[in-house]
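Next come the chains, spelled out residue by residue.
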Amino acid sequence: MTDCTFGTLYVVATPIGNLNDMVPRAVDVLQMVDIIAAEDTRHSAKLLQYFGVSTKVIAYHDYSNEQCLQKILNILYQGQSVALISDAGTPLISDPGYKLVSMSRQSGVAVVPIPGACALIAALSVSGLPSNQFIFEGFLPAKTSARIQALKKLKRELRTIVLYESPHRLLDSLADIQRILGDGRHIVIARELTKTYETLLTGKIKDVIDTIKADDNQRRGEFVLLLKGWEFDDSDQVISSETERLMGILLEELPVTQAASIAAKFTSLKKRDLYQWALDRQSDS
Ligand code: SAM
């Protein structure tokens with residue numbers, strides 16, 4: 001239940017590049033509210049100036065101290081309205097806002113979305129990949145070992161996988177995606193959406209990496225990566241839980257090659273696949 005004596009928290013999407021993507025209702029709300037809570041006040045100053053918005057702006061991050069969160073909640077409890085914006089796109093989508101929205105809702109403050117740009121949705125809508133079901137994983141972990149683990153979990157995901165990536169980690173992440181998901185996985189890289197150098201690269205991961213390596217410009221800007229979901233083929237053997245148990249027992253006594261060789265004789269699986277499964281398991285632990 002919301003309390004009508006409280007103010008309203010508006011969660012306002014802003015453009016991801018092209019300022020003309022700002023929706024008129026967003027401008028109205030930013031002009032009308034008592035306070036704008038922005039991820040980076042200096043960054044948002046340009047946007048607000050462009051649209052002639054003179055509302056007072058304060059800083060808000062999820063890692064802002066408790067005092068800052070409490071200050072905004074108090075403004076709302078006193079009946080004033082607040083608009084939450086991030087540097088670009090929809091707040092809370094790999095951006096600050098979760099704690100504020102969650103606390104506001106818990107305490108009965110009305111939270112109203114003002115929808116607009118969002119890089120993952122824009123990218124998905126033009127990717128040509130299945131969009132009836134997809135998962136958004138945000139940014140992959142920065143450290144290689146954690147990234148590899150995350151990719152192993154995604155390897156057999158059937159739905160389209162959407163990721164955000166920064167320019168300085170792009171090639172490392174692509175190399176790991178190729179290593180774990182294979183050369184042939186179909187990828188779409190949506191770069192600089194809505195901006196002057198908007199580019200969509202699509203193809204097998206190996207070919208797309210070659211294209212990016214051959215052209216420095218393809219490493220500049222902002223990126224959304226979209227991966228086609230896993231498609232089973234005969235060379236991609238699925239190891240049943242029974243076979244996993246058999247391999248587990250054999251591996252307690254024997255080296256990997258021998259364990260794979262014996263397990264292959266008891267199952268219809270290839271020695272090579274069992275061997276790879278054992279190596280993957282070792283690197284997981
Ligand atoms: N809240 C934003 C949204 O709604 O999309 C995302 C913020 S997140 C901190 C920033 C990341 O979003 C970038 O590193 C990039 O992966 C993606 N991104 C943002 N703008 C983009 C654009 N114009 N083109 C491609 N990717 C973009």
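Quick caveat, the model's predicted, so the values are computed rather than measured.

A few words now on the side chain of Arg-147. As for its position among the elements, Arg-147 is in helix α6 (residues 144-154). For Arg-147, a relative accessible area of 2% corresponds to the buried category. Leave out the neighbours within four places in its chain, and Arg-147 touches Leu-140, Pro-141, Ala-142, Arg-169, Asp-172, Ser-173 and Asp-176.

Now for the packing of aromatic side chains. Following the criterion strictly, the structure yields four aromatic pairs and no others. Here Phe-139 and Tyr-164 contribute two aromatic rings whose centre-to-centre distance is 5.8 Å and whose plane-to-plane angle is 65 degrees, an arrangement assigned as edge-to-face. Residue Phe-139 is found in strand β6 (residues 134-139), and its partner Tyr-164 is found in strand β7 (residues 160-165); the two are separated by 25 residues along the sequence. For Tyr-164, a relative accessible area of 10% translates into the label buried.

According to UniProt, the positions carrying the feature "domain: RsmI HTH" (unreviewed entry) are residues 239-281. Helix makes up 81% of residues 239-281 and strand 0%, with an end-to-end C-alpha separation of 12 Å.

Bringing the layout of surface pockets into the picture now. Where empty space is left in the structure can be found by rolling a water-sized probe over the atoms. Counted as a void, the second largest pocket has a volume near 440 Å³. Along the walls of the second largest pocket sit 23 residues, with Ala-88, Ala-119, Phe-139, Tyr-164 and Glu-222 positioned nearest its centre. Of all the secondary-structure elements, those providing two or more residues to the lining of the second largest pocket are β7 and β10 (223-227). Class assignment of the residues belonging to the lining of the second largest pocket gives a composition of twelve nonpolar, four polar and seven charged. A domain-level breakdown of the lining of the second largest pocket finds at least three residues from each of domain 1 (8-117) and domain 2 (120-227).

Note on interface size: it is often stated as the accessible area lost on association of the parts. Entries for the protein in the domain assignment read domain 1 (8-117), domain 2 (120-227) and domain 3 (241-284). A separation of 29 Å is found between the C-alpha centroids of domain 1 and domain 2. At the interface, six residues of domain 1 touch ten residues of domain 2. Carbon and sulfur atoms make up 62% of the area that domain 1 and domain 2 hide from each other, which totals about 500 Å².

About the thresholds
Residues numbered from 1 in each chain as written. Predicted model: local features only at pLDDT ≥ 70, side-chain atom pairs only at ≥ 80, totals over all residues. Heavy atoms only, no water. Helix = DSSP H or I, 4+ residues; strand = E, 2+ residues; numbered from the N terminus. Buried < 20%, exposed > 50% of the residue type's maximum accessible area, 1.4 Å probe, protein only. Contact = heavy atoms within 4.5 Å. Phe/Tyr/Trp six-rings, centres within 6.5 Å; stacked < 30°, edge-to-face > 60°. UniProt positions renumbered as here; feature names shortened; annotations may be inferred. 1 Å grid on protein atoms, 1.4 Å probe; cavity = no way out; pocket = protein on both sides within 12 Å on 5 of 7 lines; lining within 4 Å. Points joined across faces, edges and corners; volume = space filled by probe spheres on them. Nonpolar A, V, L, I, M, F, W, Y, C, P; charged D, E, K, R; others polar. Domains from an automatic or database assignment. Buried area = accessible area lost by both parts, 1.4 Å probe.

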